[in-house]
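What follows is each chain in one-letter form.
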Amino acid sequence: TCYGNCPYYQVEIYANGKARYHGRRHVALLGVYEAAVPTAVVRQLREQAEAIQYQTLHPKYPIEGLGIIDLPLCITTVVEAGRSKTIYNRNDAPLELVAYERLFDNLVETLDWQPLTPQKE
């Protein structure tokens, strides 16, 4: 996380429409939760990854150096057809990648998360 109060969470979305969220720090939902993702949204995430050519993007932004250390780090991984690609974005990423990351942030806000192991901060 950043040096401040940046949200620290992990979300996984599967092709079958299941989603798992793990809120770790500075988020409203702490702990592990599950939700269902509509098929159309899963399709949109896949199509957007293809549209921005996610598999061909650089694995780290900024490409050189550490970047601005106090900015939040966004790590995304897309697994498609047996290929896995992870991108670490601290800053200076293409706007298309940033927009793709925001799709996930927005999705987290709209799903009906059911607690598996809620925790206190």
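Residue positions are given per chain, counting from 1 as you read along its sequence in written order. Thresholds applied to this predicted model are a pLDDT of at least 70 for local features of residues and 80 or more for the giving and counting of side-chain atom pairs; totals over whole chains, interfaces and linings are not thresholded and use all residues. As a rule here, side-chain values come from all non-hydrogen atoms in the structure, and water together with hydrogens is ignored.

Remarks on the nonpolar core
Inference 1: Nine residue types can take part in a nonpolar core, namely buried Ala, Val, Leu, Ile, Met, Phe, Trp, Tyr and Cys, and a core is a set of them joined through side-chain atoms within 4.5 Å. Categorising residues by exposure relies on relative accessible area from a 1.4 Å probe, with only protein chains included: less than 20% of the type maximum marks a residue as buried, more than 50% marks it as exposed, and the intermediate range marks it as partly exposed. Core analysis: the biggest nonpolar cluster contains 25 residues, and Tyr54, Leu97, Tyr100, Leu111 and Trp113 have the highest contact counts within it.
Inference 2: The secondary structure listing takes helices from DSSP runs of H or I that are at least 4 residues long and strands from runs of E that are at least 2 residues long, numbered from the N terminus. For this core, the element with the most residues is helix H2 (residues 95-110), which contributes six residues.
Inference 3: A contact between two residues is defined here by any heavy atoms of the two lying within 4.5 Å. Contact partners of tryptophan 113, with chain neighbours within four places excluded, come to Val11, Ala19, Arg20, Tyr21, Leu29, Tyr33, Glu34, Ala35 and Val108.

Examining the packing of aromatic side chains
Inference 1: Stacked, tilted and edge-to-face pairs are distinguished by plane angle, under 30 degrees for stacked and over 60 for edge-to-face with tilted covering the rest, among Phe, Tyr and Trp rings (Trp via its six-membered ring) whose centres lie within 6.5 Å. Scanning the model with the defined rule gives five aromatic pairs in all.
Inference 2: Ring centres of tyrosine 21 and tyrosine 33 lie 6.0 Å apart, and the angle between their planes is 65°; this geometry places the pair in the edge-to-face category. Remark: tyrosine 33 occurs in strand E3 (residues 31-36) and tyrosine 21 occurs in strand E2 (residues 18-25); sequence separation between them is 12 residues.
Inference 3: Here tyrosine 21 falls in the buried class, since its relative accessible area comes to 3%.
Inference 4: Residue class for tyrosine 33 comes out buried when judged on its relative accessible area of 9%.

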